[in-house]
Structures are given as C-alpha cells and as structure tokens.
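Chain by chain, the residues run as shown.
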Amino acid sequence: MRASRDLLWLVVAVVVFGGLDLLVYGLSPPTTGWAGPRAALLLQLSVDVSLLLLARFPARVASWALVVAVVMLVSEEFAPGLFTPVDPAAHATLPYATPAIVVNLVRLTDRRHAFVVTGLLAVLGTRPWDPAWDTTPLGIVNTVLPALAVLYLRARRELVDSLRERAERAEREQVLLAERARAEERRRLAEEMHDVVTHQLTLVVLHAGALGTESADPAARAAAEDIRQAGAKALAELRDLLGVLRNTEVTPAGEPVRPDAPDPRTLVVEARAVGETVSFAVDGDPGQIAPTVLRTAFRVVQESLTNARKHAPGAEVAVTMTYRPDGVTVRVANGAPSRAPDGALARSGSGTGLLGLAQRVELTGGTLRTGPTPGGGYQVDAILPAYVPTRGDTA
C-alpha cells in the first residue's frame, strides 16, 4: 500500500515538473549548439523521468541530477547555447525537480551520502563564487531547506515515538505495580482467611475426635470419624492453598514447590459415600496438563457435585473428563431431582459459587458454560488449556 502511494506521488511529480520544464523551455529561445535546439529541454526531461526510479534508486537519481547540474553550469560558463540558452539569467542551474530529489535522498539513504550530494547541489545552485539575488536564495530553497525539513520531521517523529514508548512503558509499569498490589492484598486476605478457618476447623476436628472416642454408639463413632477426616483434609487443602499464595518453599533448583494436583476421583468416591449416584468417565493422560489447570478442573467437579447435592437430591450425576495435549474438557451433568431439596442445605451457600468458579476458569484462560438441560437437569461444561498462558503468550 505504501509503495503504491509513493509511486503515485512520483508520477504526479513527473507530470508537474515535466510540465514546468515544457512550459519554461518550450517558450524560451532554442539552444544553438551541436546538441540540437531542444537539448536543454531534453536534459531537464531526463531528470523528470528519472523520478519514477526515485523510490528504489534515490542515490542514482540524485547523482544524475548532479551530473545534469554540472553539465548546465559548464555549458553556461564555457559554451553558452549548448545545453543552456544564451541568456543565462533566464534559467537556474539546478533542475526544477531538485527539491523532490533532495527530500527522498535524505529520507531514504544514509546521512553521509545524502549530505555530500545535497552539499554539492547546494554549491552548484547558490554559486558562492558569483553570488546574486536571483540565484543564491533559489539554490538554498531548492537544496538546503528541503533537507532541513526532512531532518526536522524525522527528529520530530523519533521524539514522538520515544515519548509514546515511554508512556506505554510507564503504563505497563503501573499495571505491574497494580497487579503486585492486588497479589499482596489477595495473599494477605488468604492468610487471614486461613487463620480464621483453620481455627474453626481445628475445633471441629478435635470435637469430632473426642466424640468418636467417648461415644458408645458405633454409628456416632463412624460419623465422627468421617467428620474428623473431612476436617483434616480441609485443613490440608488450606495449607496447600496458602503455600501456593505465599510461594516461599523452593526446590534445590530455586523453583517454587507446588502441591500435587488433587484427583477428581476422590470427589466421586465421597459423593457415592453419602448416597449420591455418580458415574465417572475419564479419557486421556492428566500428566500432560499443568498442575494449576488440574486444580481448576478439580474445583469445577467439586463445585458441580456440591450444587447437585444441594439442589438436585436423588438425581443421577455424570462426570466426564477428557485430557488432550492442548487442554482438558470437564462436563458435569445431573438429571432432575427425585425429591425436594433440603431448605437449610440449599440456603447454606453464598450464591456466588458458579460466579467465582467462572472467574477462576477465566483466569486460567478457559471458558465455563452452565445452564439447565431438558427434563429439569443442569449441566456444567468447562474447557481449560493445557497450561496457564502468560502475558507474553497472549500479546
């Protein structure tokens, strides 16, 4: 697109400068030398036509303009009428297309070569050995001013780019600082939550252990033991979560220690133990999925089974997990409830479980879809990547 636009401008320049040369030299008296009556016009037109090659060969076009200027000056000084009219005051030494040539020369070539050629053209145009009001200012306008204009615009563009880059860098640093502050706040809240919940769970585990020891009823002892094991497991999960947030334990290689990803099968076993009808199907190798993604998949199954237990008692639940090289797919679908939900159990949640789950899935780069199914059931679908993408992966 840019090349086409440059070519269009060059064609316009050829037409403009060619027309100017035809107008000036066509109305002037013809030359009288051996090169022919229109030698000066043909020489100027050759420079005009060479503008078509200016975008690809700016140095060669500028060199040809320099040669034409030297030929015109030599003709004017030593052979009037050969390539210039007999009256030298009627014409300038430089070709009329010189400003366009200087602009592209400075813009497209290295500065050393551009300054040398522009300086030579300026010397020929201003004639410092014979300064005059009708030649010296015109030579400066045709050579020095276009070069300075290009240098100014280039410096201005570089300054604007530098300021823009600096502003973008400052914005990125501000975003990183904000993310760090949010991470610190999340870590602080997690530690506070850990302290409060751990205290209460510890009391639950202790009371359950005491009940299992002192009670004479075998069913009560079994229930107490289940409560004690569930509380101990919750405490272990809290410790793992806090370890991830703190990120203080490291391996000998200096990498943070990550807890192993929990197995969704344990959730299915627990659900079956309390009387739920849950089927579980798995396909693929979970070893090719990052632990962080596996923990998110575990939470999807956990939250879905919990909601089915609360809102669809007696319904059959199907859990399907598919592990692929590019990610994991989780589906938890339950049928219609076979009995009315327990009011106290249904109201025990905060109502934001699925919302928090969706946010967690999105943080890992996945998608979560939830909704009712025909027949009164409910379905949760999660599509997760194989690993959590970083900021550089998404740029």
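Residues numbered from 1 in each chain as written. Predicted model: local features only at pLDDT ≥ 70, side-chain atom pairs only at ≥ 80, totals over all residues. Heavy atoms only, no water.

This next bit is on the overall build of the protein. Scanning the protein from terminus to terminus reveals 12 helices and five strands. Counting every position in the protein, which comprises 395 residues, the buried fraction comes to 32%. In the protein, of all internal contacts separated by at least 6 residues, the share reaching a separation of at least 24 is 66%. (Helix = DSSP H or I, 4+ residues; strand = E, 2+ residues; numbered from the N terminus. Buried < 20%, exposed > 50% of the residue type's maximum accessible area, 1.4 Å probe, protein only. Contact = heavy atoms within 4.5 Å.)

As a further point, take the confidence of the model for the protein. Here the protein shows a mean pLDDT of 78. Residues at 70 or above account for 78%. The secondary-structure element of the protein with the lowest mean pLDDT is helix H12 (residues 391-394), recorded at 44, while strand E3 (residues 327-334) shows the highest, at 94. The low-confidence segment residues 248-258, where pLDDT is below 50, has 12 contacts with residues more than four positions distant or belonging to other chains. Here residues 390-395 scores under 50 on pLDDT; set against residues more than four positions off or in separate chains, the count is four contacts. (pLDDT = per-residue confidence, 0-100.)

Another aspect to go through is the pairing of strand E2 (residues 316-324). Looking along a regular strand, one sees the side chains alternate between the two faces of the sheet. Burial of the side chains of E2 is restricted to one face: Val317, Val319, Met321 and Tyr323 are buried, whereas none of Glu316, Ala318, Thr320, Thr322 and Arg324 on the reverse face is. Alignment of strand E1 (residues 277-283) against E2, held across seven bridges, turns out to be parallel. Bridge assignment links valine 278 to a residue of E2, and that residue is valine 317. Once the chain exits E1 it traverses helix H9 (residues 291-311) before rejoining the sheet at E2, and the crossover so formed is left-handed. Inspection of the sheet shows E2 paired to E3 by eight bridges, in the antiparallel sense. Looking at E3, one finds that valine 319 is bridged to valine 332. Adjacent in sequence and paired antiparallel, E2 and E3 are bridged by two residues. (Pairing = 2+ DSSP bridges. Right-handed = clockwise from strand over helix to strand, strands pointing away.)

Structurally, arginine 154 can be placed in helix H6 (residues 136-214). No salt bridge is formed by the buried arginine 154; its nearest oppositely charged neighbour, glutamate 158, is found at 5.1 Å. A polar atom in the side chain of arginine 154 sits 2.6 Å from the backbone oxygen of valine 106. When residues no more than four places from it in sequence are discounted, the contact partners of arginine 154 are Val106, Arg107 and Arg111. (Lys, Arg positive; Asp, Glu negative; His and termini not counted. Salt bridge = Lys/Arg side-chain N within 4 Å of Asp/Glu carboxyl O. Polar contact = N/O pair within 3.5 Å; in protein donor to acceptor, adjacent residues only side chain to side chain.)

For the rest of this paragraph, the subject is the sheet that holds strand E4 (residues 367-373). Strand pairing in a sheet is mediated by backbone hydrogen bonds. Such pairs are either parallel or antiparallel. An order of E1-E2-E3-E5-E4 is seen for the five strands of this open sheet, with the pairing classed as mixed. Each edge of the sheet is formed by a strand with only one pairing partner; in this case those strands are E1 and E4. Each neighbouring strand pair of the sheet contributes to a mean axis angle of 10°, computed without reference to strand direction. Across the sheet, helix H11 (residues 353-363) touches E4 and strand E5 (377-385), and the angle it forms with E4 is around 145°. (Axes fitted to C-alpha atoms, helices over the stretch in contact; angles between N-to-C directions.)

With that settled, consider the environment of aspartate 21. Turning to its location among the elements, aspartate 21 is positioned in helix H1 (residues 2-27). In this structure the C-alpha to C-alpha distance between aspartate 21 and glutamine 44, which are 23 residues apart in sequence, comes to 6.8 Å.

Next up on the list: a nonpolar patch on the surface. Taken together, Leu7, Val11, Val15, Val49, Leu52 and Leu53 make up a surface patch of nonpolar side chains, about 520 Å² in accessible area. At three residues, the largest contribution of residues to the nonpolar patch is made by H1. Inspection of the secondary structure assignment puts leucine 53 in the loop between helix H2 (39-50) and helix H3 (58-78). (Patch = residues over 30% accessible without salt bridge, like charges linked within 9 Å, V, L, I, M, F, W, Y side chains within 5 Å. Areas by Shrake-Rupley, 256 points an atom, 1.4 Å probe, with all protein chains shown as cover.)

Within soluble globular proteins, side chains that are nonpolar generally end up buried alongside one another. Within the largest apolar cluster, 32 residues are counted, with the highest numbers of intra-cluster contacts made by Leu51 and Ile101. Residue assignment for this core shows that the elements contributing at least two residues are H1, H2, H3, helix H4 (98-108), helix H5 (111-126) and H6. If one sorts the elements of this core by residue count, H3 sits on top with eight residues. Excluding anything up to four places from it in sequence, isoleucine 101 contacts Val47, Leu51, Leu54, Val61, Ala62 and Ala65. One finds Ile289, Val317, Val328 and Val332 within the second-largest nonpolar core, a separate group that totals 27 residues. (Core = buried A, V, L, I, M, F, W, Y, C linked by side-chain atoms within 4.5 Å.)

A word on the side chain of threonine 296. Positionally, threonine 296 belongs in helix H9. A relative accessible area of 1% places threonine 296 in the buried class. Aside from chain neighbours lying at most four places away, what touches threonine 296 is Arg360, Val361, Thr364 and Leu384.

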